[in-house]
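# Structure assessment
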Amino acid sequence: MMKPGVLIISHGSRDKTWVSIVEEAVGHLSLEKELPVAVSFLELVEGCLIQDGINELEHAGVTDIIVIPLFVSSGSTHIDEIEYALGAKAAPERETDLERFAVNARIHFGYPVDDDPDIAVMIWDKVRELSANPQRETILLVGHGSKHDGFRQRWEQGISSLAERVRTVSGVAAADYGLLNPDSVRSRTEYWQEQGYDVLVAPLFLSEGYFTKVVIPERLQGLKYAYSGRTLLPHPLLPHWIEEQVNTMLVKLRAQAD
């Protein structure tokens, strides 16, 4: 008999505040009333690593684990290595030190943020306080990016589509993106300024940290732009994004079981 459960995987941080933000978001899931849910991290959070989450769910009798990768882009190399280590793909696209996990349940691997409509609303909610003259503004999404071929293209595809969603939701004149790797943040900001637009910079990161507090301001030093540094979390829409994905996968699972 099938018993599904949910494993939410994020990167992890030594910052306990960051970890608590993720756990708080998951705590608002209504799924927990009907499905076992475990929160786990790729690294740095002892006792809550991916294998710990697998063990917790399997101990609860879960036969099918729905994996929600809480990352902002399918271009992340971490998505590739986690999917491989869980046995959801035969081999990683890039070499990894991550060893296969011990897992007996069937794995059903989900998808990261990419260009989900909920995420576009979240971004606008975080940046709208900076907007004063929408007709002359560009929202510039800034993501981590990747130097690796194949992964870089996934980053670009997801963030460019997300930028268009943000433009539609916000009503500003334009929306664009810049990546930290390979670096295009400064050049895209300068481009829009040369066109006569005010640039509102929106960091596409789950939580505040080194990249949002140090790296982005350093890349834009000397330029005029609006920036609050506010990231996706915390936000009440994140649980909705998770639940929508889980419910879609549950429908497929139950159809297969029938």
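Higher on the page you've got the structure.
Below or above, wherever it landed, is the structure these notes cover.

Criteria and thresholds
Residues numbered from 1 in each chain as written. Predicted model: local features only at pLDDT ≥ 70, side-chain atom pairs only at ≥ 80, totals over all residues. Heavy atoms only, no water. Axes fitted to C-alpha atoms, helices over the stretch in contact; angles between N-to-C directions. Helix = DSSP H or I, 4+ residues; strand = E, 2+ residues; numbered from the N terminus. Parallel < 35°, antiparallel > 145°, perpendicular 65-115°, else oblique. Left-handed = near helix turned anticlockwise from the far one by under 90°. Contact = heavy atoms within 4.5 Å. Nonpolar A, V, L, I, M, F, W, Y, C, P; charged D, E, K, R; others polar. Phe/Tyr/Trp six-rings, centres within 6.5 Å; stacked < 30°, edge-to-face > 60°. Buried < 20%, exposed > 50% of the residue type's maximum accessible area, 1.4 Å probe, protein only. Core = buried A, V, L, I, M, F, W, Y, C linked by side-chain atoms within 4.5 Å. Salt bridge = Lys/Arg side-chain N within 4 Å of Asp/Glu carboxyl O. Pairing = 2+ DSSP bridges. Right-handed = clockwise from strand over helix to strand, strands pointing away. Polar contact = N/O pair within 3.5 Å; in protein donor to acceptor, adjacent residues only side chain to side chain.

## So, the packing of helix α4 (residues 117-127) against helix α5 (residues 151-170)
Look at α4 against α5: their axes get within 9 Å of each other, and the N-to-C directions meet at 60°. For the element pair α4 / α5, the angle class is oblique. Here α4 and α5 pass one another in a crossing that is right-handed. Residues Pro117, Ile119, Ala120, Val121, Ile123 and Trp124 of α4 pack against Leu162, Arg165, Val166, Val169 and Ser170 of α5. Looking at the contact of α4 with α5, its residues break down into 9 nonpolar, 1 polar and 1 charged.

## Digging into the packing of α4 against helix α8 (residues 237-257)
Their axes nearest at 9 Å, the elements α4 and α8 cross at an angle of 175°. Between α4 and α8, the angle is such that the two are roughly antiparallel. Residues Asp118, Ile119, Val121 and Met122 of α4 touch α8, and the partners they reach there are Leu237, Leu238, His240 and Trp241.

## Comments concerning the packing of aromatic side chains
What the rule picks out here adds up to 6 aromatic pairs. Between Tyr111 and Trp241 the ring centres are 6.5 Å apart and the planes differ by 80°, which places this aromatic pair in the edge-to-face class. With a gap of 130 residues between them, Tyr111 in the loop between β4 (106-109) and α4 and Trp241 in helix α8 connect regions that are remote in the sequence. Judged by relative accessible area, which is 41%, Tyr111 ranks as partly exposed. Their ring planes at 70° and their centres at 5.9 Å tell us that Tyr210 and Phe211 sit as a pair that is edge-to-face.

## Overview of the nonpolar core
Judged by nonpolar contacts, the single largest core of 49 residues is most densely connected at Ile8, Ile123, Ile139, Leu141, Ile242 and Val246. Of all the elements, α8 adds the most residues to this core, at 7 residues. Apart from residues lying up to four places away in sequence, Ile139 is in contact with Trp124, Val127, Val166, Ser170, Val172, Ala174, Ala175, Asp176, Leu200 and Ala202.

## Points about the pattern of salt bridges
A side chain of one charge can pair with a side chain of the opposite charge when the charged atoms of the two come close. As enumerated under the stated definition, the model contains 11 salt bridges in all. In this structure, Arg154 and Glu93 form a salt bridge, with 2.6 Å as the shortest nitrogen-oxygen distance. Taken together, the residues Arg154 in helix α5 and Glu93 in the loop between α3 (77-85) and β4 connect sequence positions 61 residues apart. The closest approach of N and O atoms between Arg230 and Glu129, which form a salt bridge, is 2.9 Å. You can see Arg230 sitting in the loop between β8 (226-227) and α8 and its partner Glu129 sitting in the loop between α4 and β5 (137-145), a full 101 residues away along the chain. Accessibility expressed as a relative area gives 51% for Glu129, which makes it exposed.

## Comments concerning the sheet that holds strand β6 (residues 174-181)
Taking strand neighbours across the sheet as the criterion, the 4 strands line up as β6-β5-β7-β8 in an open arrangement whose pairing is parallel. Looking at which strands have only one partner, the edges of the open sheet turn out to be β6 and β8. Relative to β6, β5 is paired through 7 bridges, and the arrangement is parallel. For Leu141, the partnering residue across the bridge sits in β6 and is Tyr177. Strands β5, β6 and β7 (198-203) of the sheet are contacted by helix α6 (residues 185-194), whose axis makes an angle of about 155° with β6. Sheet contacts for helix α7 (residues 210-219): β5, β6, β7 and β8; angle to β6, the most-contacted strand, approximately 100°.

## Remarks on the pairing of β6
With 6 of 8 residues buried, β6 is to be regarded as a mostly interior element. A crossover links β5 with its parallel partner β6, the connecting element being α5, and its sense is right-handed.

## A closer look at the side chain of Asp64
Summarising the element assignment, Asp64 is placed in strand β3 (residues 64-69). A polar side-chain atom of Asp64 sits 2.8 Å from a polar atom in the side chain of Thr63. There is a polar contact of 2.8 Å between the side chain of Asp64 and the side chain of His108.

## With respect to α3
The α-helix advances 3.6 residues per turn, and as a result positions three or four apart in sequence lie on the same side. Buried residues of α3: Ile79, Asp80, Glu81, Ile82, Tyr84 and Ala85, and no others. Where α3 is buried, its residues contact β1 (4-10), α2 (50-59), β3, β4 and α5. If you check the start of α3, you find a side-chain oxygen 3.1 Å away from the backbone N of His78, and it comes from Ser76. Gly87 occupies a position one or two residues after α3 and carries a positive phi of about 85°.

In short, the description is geometric, and any link to function would need to be established separately.
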